[in-house]
Amino acid sequence: MNRPRKKEWFDNDSLWRELYPFMFSAKRFADAASETKQAVALAKARGKSVLDLCCGPGRCSIPLAKRGFAVTAVDRTKFLLDKARSLAKRSRARVEWIQADMRDFVRPGAFDLVLSMYTSFGYFDNKEDDLQVLRNILANLRPGGKCVIEVAGKEFLARNLNATKHELLLNSTRNTRLVRSEEIFDDWSRVRTEWILIRDGRAKTFRFHFTIYSGQELKDRLASAGFINVKLYGNFEGEPYGPATKRLIAIAQKP
Ligand SMILES: C[S@@+](CC[C@H](N)C(=O)[O-])C[C@H]1O[C@@H](n2cnc3c(N)ncnc32)[C@H](O)[C@@H]1O
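Worth saying up front: this structure is predicted, and the values here are computed from it rather than measured.

Cut-offs applied
Residues numbered from 1 in each chain as written. Predicted model: local features only at pLDDT ≥ 70, side-chain atom pairs only at ≥ 80, totals over all residues. Heavy atoms only, no water. Pairing = 2+ DSSP bridges. Helix = DSSP H or I, 4+ residues; strand = E, 2+ residues; numbered from the N terminus. Axes fitted to C-alpha atoms, helices over the stretch in contact; angles between N-to-C directions. Contact = heavy atoms within 4.5 Å. Buried < 20%, exposed > 50% of the residue type's maximum accessible area, 1.4 Å probe, protein only. Right-handed = clockwise from strand over helix to strand, strands pointing away.

Student: Mind laying out the sheet that holds strand β4 (residues 111–116), listing which residues take part and the relevant values?
Tutor: Reading across the sheet, the seven strands line up as β3-β2-β1-β4-β5-β11-β10 and stay open at both edges, with mixed pairing between neighbours. The two strands at the open ends of the sheet, each matched to only one other strand, are β3 (95–99) and β10 (228–233). Averaged over all neighbouring strand pairs, the angle between strand axes comes to 15°, with direction disregarded. By the bridge criterion, five bridges tie strand β1 (residues 49–53) to strand β2 (residues 70–75) in an arrangement that is parallel. Along β2, the bridge assignment pairs D52 with A73. Relative to the sheet, helix α5 (residues 127–140) contacts β1, β4 and β5 (141–152), its axis offset from that of β5 by approximately 145°.

Student: So what's going on with the pairing of β1? Residues and values would help.
Tutor: With five of its five residues buried, β1 lies for the most part within the structure. A two-sided burial pattern is seen for β1, the buried positions comprising S49, L51 and L53 on one face and V50 and D52 on the other. The parallel pair β1 and β2, bridged by helix α3 (residues 61–66), forms a crossover whose chirality is right-handed.

Student: Got a sec to walk through unusual backbone geometry? Specific residues and values, please.
Tutor: Residue K44 is not a glycine yet carries a positive backbone phi of 50°. Mapped onto the elements, K44 comes out in the loop between α2 (26–43) and β1. The exposure class assigned to K44 is exposed, which follows from its relative accessible area of 65%. A positive phi angle, near 50°, is found at T119, a position not held by glycine. With respect to the helices, strands and loops of the structure, T119 is situated in the loop between β4 and α5.

The values reported here are purely geometric and, on their own, carry no functional implication.
In structure tokens:
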């Protein structure tokens, strides 16, 4: 039996509900069809069984299922899984939806490909939990199976993030403004983000943080979890990873 865990920022369901329109814009949904297609090609994944880890509202699971993959999608947030279910129903996609923590979900050798998309890795206060997630991904893959992890690149952040950055986003449909600020802390190993939602003159603040990995750090983490042939890219088109690429995409193989 799992021991009870301390609550962390991602356990706050209202954060995912309130920030949903900003995190999961129509454009982000639209991009998922091509990104998942490119991710499968870049990974040279063989087989049809895919695990979409931290699937959110099914942005990636649904286009993959529509292309004939057998998709299992795991997420801890009920609100997002409910969204995913109704979106899948609307687009007649069959996906197995599972509510579970990424530190717990293990179905040994069941998958040809595991995806962790749009910065769904690096969430835990205890950095060893990230390693546990990688070990679970490895266990979930069949021998020779691949994983794709897409996060924000630390090298890009180092060049482009001042101590604090403010950004204003408008969501016209709900007449809501979002002010975002970010700062780096913990010896340059984590980013702390504050999102302030202003609706009808009322402000609500949400704070979250995650570990940021350099290309080499992520490679090392994957290798210490037991992966081989780790390759890094800066986008799903296969551009090499570097300080000018916003995204860090790691592709790794189970021996
Ligand atoms: C930024 S969203 C990305 C969603 C999806 N991968 C995508 O590409 O649209 C991060 C997701 O991680 C999920 N999540 C956060 N902590 C989790 C945990 N400990 N276990 C499982 N899922 C978690 C959240 O519910 C959310 O859906």
